[in-house]
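Chain residues, written in single-letter form:
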Amino acid sequence: ISSCKDPLEEAYLESMEIYRAGINREFADSATSPLTGEGLMQFRGLDFFPVSKEYMVRARFVLNPDPEPFGMETNTARRPVYVRYGEAYFSLKGEEHMLEIYRSEAASQMEEFRDHLFLPFKDLTNGVTTYGGGRYIDLKIPEGNTIIIDFNKSYNPYCAYNHRYSCPVPPEVNHLNIAIPAGVKAYEGH
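Worth saying up front: this structure is predicted, and the values here are computed from it rather than measured. (Residues numbered from 1 in each chain as written. Predicted model: local features only at pLDDT ≥ 70, side-chain atom pairs only at ≥ 80, totals over all residues. Heavy atoms only, no water.)

1. A word on the packing of aromatic side chains
Link 1 in the chain: Per the counting criterion, the structure on display carries 12 aromatic pairs.
Link 2 in the chain: Aromatic ring contacts, followed pair by pair, group Phe-27, Phe-43, Tyr-158, Tyr-161, Tyr-165 and Tyr-187 into a single cluster.
Link 3 in the chain: The residue whose ring lies beneath Lys-185 is Phe-49, and the NZ or CZ to ring-centre distance is 5.1 Å. (Phe/Tyr/Trp six-rings, centres within 6.5 Å; stacked < 30°, edge-to-face > 60°. Lys NZ or Arg CZ within 6 Å of the ring centre and 35° of its normal.)

2. Here's the deal with the state of the cysteines
Link 1 in the chain: Overall, the coordinates contain 1 disulfide when judged by the stated rule.
Link 2 in the chain: Note on cysteine connectivity: Cys-159 is disulfide-linked to Cys-167, with sulfurs 2.5 Å apart.
Link 3 in the chain: Judged by its relative accessible area of 13%, Cys-159 falls in the buried class. (Disulfide = S-S within 2.5 Å. Buried < 20%, exposed > 50% of the residue type's maximum accessible area, 1.4 Å probe, protein only.)

3. As for the nonpolar core
Link 1 in the chain: Of all hydrophobic cores here, the largest spans 22 residues; its most connected members are Phe-90, Leu-92, Ile-101, Ile-147, Ile-149, Phe-151 and Ile-180.
Link 2 in the chain: Among the secondary structure elements, those contributing two or more residues to this core are strand 1 (56–63), strand 3 (81–92), strand 4 (95–104), strand 5 (116–121), strand 6 (135–140) and strand 7 (146–150).
Link 3 in the chain: A per-element tally of this core places strand 3 first, with 4 residues.
Link 4 in the chain: In this view, Phe-151 contacts Tyr-55, Val-57, Phe-90, Leu-92, Leu-99, Phe-121, Ile-137, Leu-176, Ile-180, Ala-182 and Gly-183; residues no more than four positions away in its chain are not counted.
Link 5 in the chain: Core analysis: the next-biggest nonpolar cluster, separate from the first, contains 10 residues, Ile-23, Leu-46, Tyr-161 and Val-184 among them. (Core = buried A, V, L, I, M, F, W, Y, C linked by side-chain atoms within 4.5 Å. Helix = DSSP H or I, 4+ residues; strand = E, 2+ residues; numbered from the N terminus. Contact = heavy atoms within 4.5 Å.)

4. Remarks on a negative patch on the surface
Link 1 in the chain: Where like charges cluster on the molecular surface, the negative patch consists of Asp-6, Glu-10, Glu-14 and Glu-17.
Link 2 in the chain: Tracing the sequence through the fold places Glu-17 in helix 1 (residues 7–28). (Patch = residues over 30% accessible without salt bridge, like charges linked within 9 Å, V, L, I, M, F, W, Y side chains within 5 Å. Areas by Shrake-Rupley, 256 points an atom, 1.4 Å probe, with all protein chains shown as cover. Salt bridge = Lys/Arg side-chain N within 4 Å of Asp/Glu carboxyl O. Lys, Arg positive; Asp, Glu negative; His and termini not counted. Charge placed at Lys NZ, Arg CZ, Asp CG, Glu CD.)

5. What to know about the pairing of strand 3
Link 1 in the chain: As judged from the 4 bridges shared by strand 1 and strand 3, these two strands associate in the antiparallel manner. In the sheet register, Arg-60 faces strand 3, and the bridge partner there is Tyr-89.
Link 2 in the chain: Note that strand 2 (residues 70–71) and strand 3 share 2 bridges and pair antiparallel. Looking at the pairing, Gly-71 lines up with Val-81 of strand 3.
Link 3 in the chain: In the sheet, strand 3 pairs with strand 4 via 10 bridges, with the strands oriented antiparallel. Looking at strand 4, one finds that Ala-88 is bridged to Leu-99.
Link 4 in the chain: Counting the residues that bridge the hairpin from strand 3 to strand 4 gives 2 residues, and of these Lys-93 lies at a positive phi of roughly 55°. (Pairing = 2+ DSSP bridges.)

6. Examining the pattern of salt bridges
Link 1 in the chain: Per the stated rule, a full pass over the model turns up 5 salt bridges.
Link 2 in the chain: Residue Arg-135 pairs with Asp-123 through a salt bridge whose shortest N-O separation is 2.9 Å. Of this pair, Arg-135 sits in strand 6 while Asp-123 sits in the loop between strand 5 and strand 6, and the two are 12 residues apart along the sequence.

If you want it as structure tokens, here you go:
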């Protein structure tokens, strides 16, 4: 009996394996890793939640018509300048949610990051199975009024691995009152 697997599901799972292997390669390479020297020597790979398409959501995207630059809070005195680029409205676990999406003023001036958006968020896994300070997702500027948010690609800020980094703190508006067991788990190595 042959198993009838969904080819789109298979392709997605394969793409996530490649994505995760790429992240682990970056972390294992001293030229690109945020880890300390000691952490690099002990690194055996990041721990991820199982991939679940439930945590890839199609959100209604509302562009902010008048984005004002502001200094985003970090875990240090540094205040990088961002704009509230838009809002994403989506349903997850039978509830409606909204997250603000930001654009870095500095990154938007660089050709390779011109279409880059930043989604910092917290959920009920923070401090339990994920990094206590929140997690991030990188997005691209959407073509229309929908944006795909794949929580399976959520990752820890670099300050989760090395105290020398200054990392944006997810604004309170982006604190979700649900658990999202997707993406990178808390880092146990030091």
